[in-house]
Amino acid sequence: MNFISRQAAVFACIVCFLTVLSASADDWPQWRGPQRDGVWRETGIVDALPAVPTYRWRTPIGGGFAGPAVAEGSVFVFDRILGKSQGDPVNAWNVADPVEGGERVLCLEQATGKILWQHQYPCRYQISYPSGPRATPTLSDGRVYTVGAMGDLFCLDASSGNVLWAKNYVRDFGTKINPWGMASAPLLDGERVILLVGGADGACVVALDRISGKEIWRSLDAEDPGYSSPILIETGGTRQLIVWNSLGVYSLDPATGKVYWSHPYETKMAHSVSTPAYDAQRRLLFVSSFFQGPRMLQLAADRPDATLLWRGYSESELPQNTDKIHCLISTPAFFGKHLFGVDSYGMLRCLELTQGDRIWETLEATGEARWANAFLIRHQDRFFLFNEHGELILARLSASGYGEISRTKILEPTLTMQRRQVVWSHPAFAGRCVFARNDQEIVCVDLASAPRER
């Protein structure tokens with residue numbers, strides 16, 4: 001091969017590589033996006049939201065907290081089908097009376113919302129707030145992985161919905177289902193699917209072969225895994241699997257499950273819920289619970305290790321008593337030299353990073369109520385916030401304050417929570433659209449800056 005031919009071959013490979021990247025860059029294949037960090041990296045997005053949203057489609061579905069995943073031209077969403085002549089219980093906290101019915105995985109065509117296939121199985125709920133599944137599906141290499149509220153794990157063929165393999169947390173790992181159901185989303189790492197199981201005999205975290213379902217390793221003794229989803233980071237000269245469960249924050253070797261380091265942090269009622277937030281530039285790792293508040297860890301640069309940088313000291317959930325920030329289900333976001341997140345009663349707060357001092361707070365994005373919520377998704381130098389009222393907000397967040405650009409309502413709140421109606425499902429952002437669901441429908445709303453061809 002001569003020099004020109006070699007150059008042409010290299011160029012062709014680069015074009016092919018970039019084409020693959022561009023084809024997959026606008027997918028949202030798992031919880032909180034491609035890198036599980038709550039960042040939307042597409043370009044060509046609106047500068048301001050229209051007063052009336054442009055729906056590309058709307059498709060009826062059942063109940064659930066699980067957000068959608070979007071990949072390979074399809075949308076995957078997880079819901080619950082009630083038993084005949086059965087409605088939601090009057091007392092959502094009652095776990096004694098079982099709720100009959102089933103869980104269902106749906107695959108929709110991304111362009112039209114048409115249902116392509118569905119996989120349904122019987123599932124008796126005995127958990128608080130039995131509205132439906134909690135964990136967002138995870139898609140990789142033509143397979144979709146789902147974890148139901150009662151611990152039913154499926155690996156399905158993404159094109160047909162056929163079951164490739166299945167596990168049950170209670171039967172296969174000795175799990176005791178926690179009060180609000182299994183909520184941790186599956187994490188794919190090479191040939192492994194990593195799960196927070198909360199099983200017996202050191203099976204709080206389990207890695208299975210993604211093709212066969214065979215167990216590779218198990219790690220940690222925590223009977224209740226909590227509700228947080230694990231993340232992968234690279235620092236200290238190695239890749240680290242970060243797990244926040246009911247007993248503490250842990251760093252594991254993702255290949256073996258070996259513990260690199262741990263930070264004890266036992267939470268009341270196993271309130272490890274939001275996903276750990278990581279700032280790679282400063283090697284900062286942040287978690288925050290509803291009752292015990294925050295912990296900011298400083299990760300070492302030369303080895304897998306961590307030290308406590310600062311913490312909160314309040315044990316109160318009340319906003320007038322919470323120091324720094326007490327989060328529930330919304331994951332905070334690092335941006336610039338600050339951290340932004342939603343506190344126990346809906347206050348959107350800004351903290352500085354060195355000591356966690358509060359710079360400002362506002363209720364403009366949420367409104368005040370116990371557990372009031374908004375999910376934060378960063379896009380370039382702005383944030384999309386999806387609040388529990390079904391409103392999508394575009395805003396700038398900085399040390400100077402909350403700068404709202406625009407907002408539009410895209411869904412009706414349908415879940416009764418603390419005598420109000422809410423939407424508590426994290427949206428997906430892909431194909432210059434937002435995909436969001438409540439307990440009645442999933443919608444696709446266009447967010448492209450230029451008109452599309454129909």
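For the structure, see preceding data.
The following refers to the structure shown. (Residues numbered from 1 in each chain as written. Predicted model: local features only at pLDDT ≥ 70, side-chain atom pairs only at ≥ 80, totals over all residues. Heavy atoms only, no water.)

**With respect to the nonpolar core**
Phase 1 of the analysis: Counting residues in each nonpolar core, the largest one holds 49 residues, and the members touching the most others are Phe384, Leu392, Phe429, Phe435 and Leu447.
Phase 2 of the analysis: The contact partners of Leu447, leaving out residues within four places of it in the chain, are Trp40, Gly44, Ile45, Val46, Leu49, Phe384, Leu392, Phe429, Arg432, Cys433 and Val434.
Phase 3 of the analysis: One finds Val105, Cys107, Trp117 and Met150 within the second-largest nonpolar core, a separate group that totals 19 residues. (Core = buried A, V, L, I, M, F, W, Y, C linked by side-chain atoms within 4.5 Å. Buried < 20%, exposed > 50% of the residue type's maximum accessible area, 1.4 Å probe, protein only. Contact = heavy atoms within 4.5 Å.)

**Some points on the pairing of strand β29 (residues 401-409)**
Phase 1 of the analysis: Bridge count between strand β28 (residues 391-398) and β29: eight bridges; the pairing is antiparallel. When the sheet's bridge partners are listed, Ser398 is paired in β29 with Gly401.
Phase 2 of the analysis: The turn joining β28 and β29, which pair antiparallel and follow one another in sequence, is formed by two residues. (Pairing = 2+ DSSP bridges. Helix = DSSP H or I, 4+ residues; strand = E, 2+ residues; numbered from the N terminus.)

**A look at empty space enclosed by the protein**
Phase 1 of the analysis: Tallied over the entire structure, the rule returns four cavities of 30 Å³ or more.
Phase 2 of the analysis: The wall of the largest cavity is formed by Gly64, Phe65, Ser131, Thr414, Leu415, Val422, Val423, Trp424, Ser425, Arg437, Asn438 and Asp439.
Phase 3 of the analysis: Among the residues forming the lining of the largest cavity, the class breakdown is five nonpolar, five polar and two charged. (1 Å grid on protein atoms, 1.4 Å probe; cavity = no way out; pocket = protein on both sides within 12 Å on 5 of 7 lines; lining within 4 Å. Points joined across faces, edges and corners; volume = space filled by probe spheres on them. Nonpolar A, V, L, I, M, F, W, Y, C, P; charged D, E, K, R; others polar.)

**Section: the side chain of Glu388**
Phase 1 of the analysis: Counting through the fold element by element, Glu388 comes out in the loop between β27 (382-387) and β28.
Phase 2 of the analysis: Side chain to side chain, Glu388 and Arg420 meet in a polar contact 2.6 Å long.
Phase 3 of the analysis: At 3.1 Å, the side chain of Glu388 and the side chain of Trp424 are in polar contact.
Phase 4 of the analysis: Excluding its chain neighbours within four sequence positions, the residues that come into contact with Glu388 are Trp371, Ala372, Asn373, Pro413, Arg420, Gln421, Val422, Val423 and Trp424. (Polar contact = N/O pair within 3.5 Å; in protein donor to acceptor, adjacent residues only side chain to side chain.)

**Quick look at the sheet that holds strand β16 (residues 248-252)**
Phase 1 of the analysis: Across the sheet, which stays open at both edges, the four strands sit in the order β14-β15-β16-β17 with antiparallel pairing between neighbours. Among the strands making up the open sheet, the edge pair consists of β14 (231-235) and β17 (259-264). Each strand of the sheet is rotated relative to its neighbour by a mean of 25°, with strand direction disregarded.
Phase 2 of the analysis: Inspection of the sheet shows β16 paired to β17 by five bridges, in the antiparallel sense. Residue pairing for β17: Leu252 is matched across the bridge by Val259. (Axes fitted to C-alpha atoms, helices over the stretch in contact; angles between N-to-C directions.)

**Notes on the packing of aromatic side chains**
Phase 1 of the analysis: Tallying each qualifying case throughout the model produces 17 aromatic pairs.
Phase 2 of the analysis: Between the aromatic rings of Phe76 and Trp117, the centroid separation amounts to 6.2 Å while the plane-to-plane angle is 55°, which identifies the pairing as tilted. Note that Phe76 is positioned in strand β3 (residues 74-82) and Trp117 in strand β5 (residues 115-122), a separation of 41 residues in sequence.
Phase 3 of the analysis: By the ring-pair criterion, three or more aromatic residues cluster together here, those being Trp28, Trp40, Phe384 and Phe429.
Phase 4 of the analysis: Looking at Lys268, its charged tip hangs above the ring of Phe291, at a distance of 4.4 Å from the centre.
Phase 5 of the analysis: One Lys or Arg, Lys324, reaches over the ring of Trp310 and ends 5.4 Å from the middle of that ring. (Phe/Tyr/Trp six-rings, centres within 6.5 Å; stacked < 30°, edge-to-face > 60°. Lys NZ or Arg CZ within 6 Å of the ring centre and 35° of its normal.)

**Here's the deal with the pattern of salt bridges**
Phase 1 of the analysis: Per the counting criterion, the structure on display carries 23 salt bridges.
Phase 2 of the analysis: Among the ionic pairs, Glu191 bridges to Arg210, the shortest N-O distance being 3.5 Å. Highlighted residues: Glu191 in the loop between β10 (187-189) and β11 (192-199) and Arg210 in the loop between β12 (203-209) and β13 (215-219), separated in sequence by 19 residues.
Phase 3 of the analysis: Overall, Glu191 belongs to the partly exposed group, its relative accessible area being 44%.
Phase 4 of the analysis: Classification of Arg210 by relative accessible area gives buried; the value is 9%.
Phase 5 of the analysis: Linking Glu215 and Arg218 is a salt bridge whose minimum nitrogen-to-oxygen distance equals 2.8 Å.
Phase 6 of the analysis: One salt-bridge network, held together by shared partners, links Asp343, Arg349, Arg358 and Glu361. (Salt bridge = Lys/Arg side-chain N within 4 Å of Asp/Glu carboxyl O.)

**Some details on the sheet that holds strand β2 (residues 69-71)**
Phase 1 of the analysis: Taking strand neighbours across the sheet as the criterion, the four strands line up as β2-β3-β4-β5 in an open arrangement whose pairing is antiparallel. The open sheet has two edge strands with one neighbour each: β2 and β5. Between one strand axis and the next, the sheet turns by 25° as a mean value, whatever way the strands run.
Phase 2 of the analysis: Pairing geometry for strand β4 (residues 101-109) and β5, over seven bridges, is antiparallel. Counterpart to Glu103 in the pairing with β5 is Tyr121.

Fair warning: the whole summary comes from geometry, so function is off the table for now.
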